[in-house]
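Residue strings, one per chain:
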Amino acid sequence: MDFTRSICRYPDGRPYYSLGLYMRRQFGRRVYKLALDGGMTCPNRDGTVGYGGCVFCSAGGSGEYAADAKLSVAQQLRQAKGLLRREATGYIAYFQAYTNTYGPVEYLEQIFSQAMEPREIVALSVATRPDCLGEPVTALLDRLSLQKPVWVELGLQTMHEETARKIRRGYELPCFEQAVRRLRAGGHAVIVHVILGLPGEDLAMMTETVRYLGQLGIDGIKLQLLHVLKGTELAGWYRQGNLSVMEKEAYFEAVSRCLEVLPGDVAVHRLTGDGPKDMLVAPLWSRDKKRVLNELHHYLKVNGVMQGRAV
């Protein structure tokens with residue numbers, strides 16, 4: 001099927017370009033991610049940019065589901081396969097926790113190369129920040145991509161600078177745009193994280209962020225419901241009554257609007273999230289991810305939503 005940057009109908013019957021379909025087109029087989037931990041921190045935590053991280057970031061730095069960082073990369077791969085409990089013929093080595101290019105290039109080359117070495121690993125995926133993608137790091141990613149595909153995930157969350165300052169993101173939009181240009185020049189797939197329901201943002205602002213990303217030419221997107229997790233600054237705001245979270249219907253509407261302004265060839269890697277149940281403060285309706293996704297898919301169908309309709 002020829003995916004154009006416009007409205008499409010997809011072979012798997014979904015009204016959006018799903019990650020599963022993207023994987024089958026890229027690799028021709030069933031592929032799953034193995035979440036790894038490179039043992040790094042974040043410049044927004046250690047004082048280089050700020051302390052404490054973004055206001056929504058938990059102690060695990062979004063790596064609560066990653067393998068144990070105390071293990072070697074080979075051991076982590078084995079542990080992650082065991083946790084997956086699903087059969088696959090290929091895997092993506094996914095460095096997930098914190099900022100995975102925030103370290104000496106020699107160390108990054110060592111752990112990334114080790115992760116890519118097994119035959120069943122079909123690609124490397126690295127979650128990081130755009131302000132941690134200097135020339136030595138991007139040159140390393142370029143070299144690695146000669147062996148296997150390299151995906152880079154960037155946590156933008158929002159294009160709006162006022163919101164970015166409020167959530168203490170720690171970098172401005174031109175930094176993100178420069179990183180995307182560098183990565184695209186190297187032929188890497190660029191996947192961007194967006195949080196829906198950030199404090200002070202309305203539906204128009206959320207939609208504007210997704211439309212902007214579509215025009216920038218990204219390869220994939222992760223839409224994430226704002227979760228309030230224990231131990232975060234956001235949890236303090238919520239307890240004090242200074243933060244409201246999205247109701248389910250409002251979230252479904254936001255996802256629908258975002259999909260419709262997203263070009264049809266941008267793969268949707270995520271439609272919501274699943275914060276650890278023992279850490280989730282709000283919204284509690286999001287605890288059952290499978291049920292939420294089933295209801296969301298029903299909502300999309302009933303309302304005739306189709307990715308790319310409003311591009």
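Just so we're clear, the structure is a prediction, and the values are computed from it rather than from any experiment.

A.B. asks: Can you break down the nonpolar core residue by residue, with the values?
C.D. replies: Phe 112, Phe 176 and Ile 221 are the most contacted members of the largest nonpolar core, which has 66 residues in total. When residues of this core are assigned to their parent elements, the largest contribution, 6 residues, is made by helix 9 (residues 248-260). Those residues in contact with Ile 221 that lie beyond four places of it in its chain are Ile 191, Val 192, Val 194, Val 210, Leu 213, Leu 262, Val 266, Ala 267, Val 268, His 269 and Arg 270. Core analysis: the next-biggest nonpolar cluster, separate from the first, contains 16 residues, Tyr 17, Tyr 22, Phe 27 and Ala 267 among them.

A.B. asks: Which residues make up the pattern of salt bridges, and what values do they have?
C.D. replies: Considering all chains together, one arrives at 11 salt bridges under this definition. Of the charged contacts in the structure, one is a salt bridge between Asp 131 and Arg 129, with a shortest N-O distance of 2.9 Å. Residues joined by salt bridges that share partners form a network here, namely Lys 33, Glu 153 and Lys 222.

A.B. asks: Provide a residue-level description of the environment of Pro 263, including the pertinent values.
C.D. replies: Among the structural elements, Pro 263 can be located in the loop between helix 9 and strand 8 (267-270). The exposure class assigned to Pro 263 is buried, which follows from its relative accessible area of 5%. Between the C-alpha atom of Pro 263 and that of Val 210, which follows or precedes it by 53 residues, the distance is 9.6 Å.

A.B. asks: Any chance you could break down unusual backbone geometry for me, citing the residues and the numbers?
C.D. replies: Cis geometry is adopted by the peptide bond preceding Pro 283, which originates at Ala 282 and carries an omega value of -10°. By the secondary structure assignment, Pro 283 is in the loop between strand 9 (280-282) and helix 10 (289-302). For Gln 157, which is not glycine, the phi torsion reads 75° and is therefore positive. Turning to its location among the elements, Gln 157 is positioned in strand 4 (residues 150-157). Taking relative accessible area as the criterion, Gln 157 reaches 11% and is therefore assigned buried. Of note in this structure, Arg 168 is not a glycine but carries a positive phi near 60°. Assignment of secondary structure puts Arg 168 in the loop between helix 5 (161-166) and helix 6 (173-185).

A.B. asks: I'd like to hear about the sheet that holds strand 1 (residues 31-36), residue by residue, with values.
C.D. replies: What the 7 strands build is an open sheet, ordered 1-2-3-4-5-6-8; its pairing is parallel. The open sheet is flanked by strand 1 and strand 8, the only strands paired with a single partner. With direction set aside, neighbouring strand axes in the sheet form an average angle of 25°. With 6 bridges connecting them, strand 5 (residues 189-196) and strand 6 (residues 220-225) associate as parallel partners. What sits directly across from His 193, in strand 6, is Lys 222. Packing against the sheet, helix 9 makes contact with strand 5, strand 6 and strand 8, and its axis sits at approximately 165° to strand 6.

Definitions and limits used
- Residues numbered from 1 in each chain as written.
- Predicted model: local features only at pLDDT ≥ 70, side-chain atom pairs only at ≥ 80, totals over all residues.
- Heavy atoms only, no water.
- Core = buried A, V, L, I, M, F, W, Y, C linked by side-chain atoms within 4.5 Å.
- Buried < 20%, exposed > 50% of the residue type's maximum accessible area, 1.4 Å probe, protein only.
- Helix = DSSP H or I, 4+ residues; strand = E, 2+ residues; numbered from the N terminus.
- Contact = heavy atoms within 4.5 Å.
- Salt bridge = Lys/Arg side-chain N within 4 Å of Asp/Glu carboxyl O.
- Pairing = 2+ DSSP bridges.
- Axes fitted to C-alpha atoms, helices over the stretch in contact; angles between N-to-C directions.

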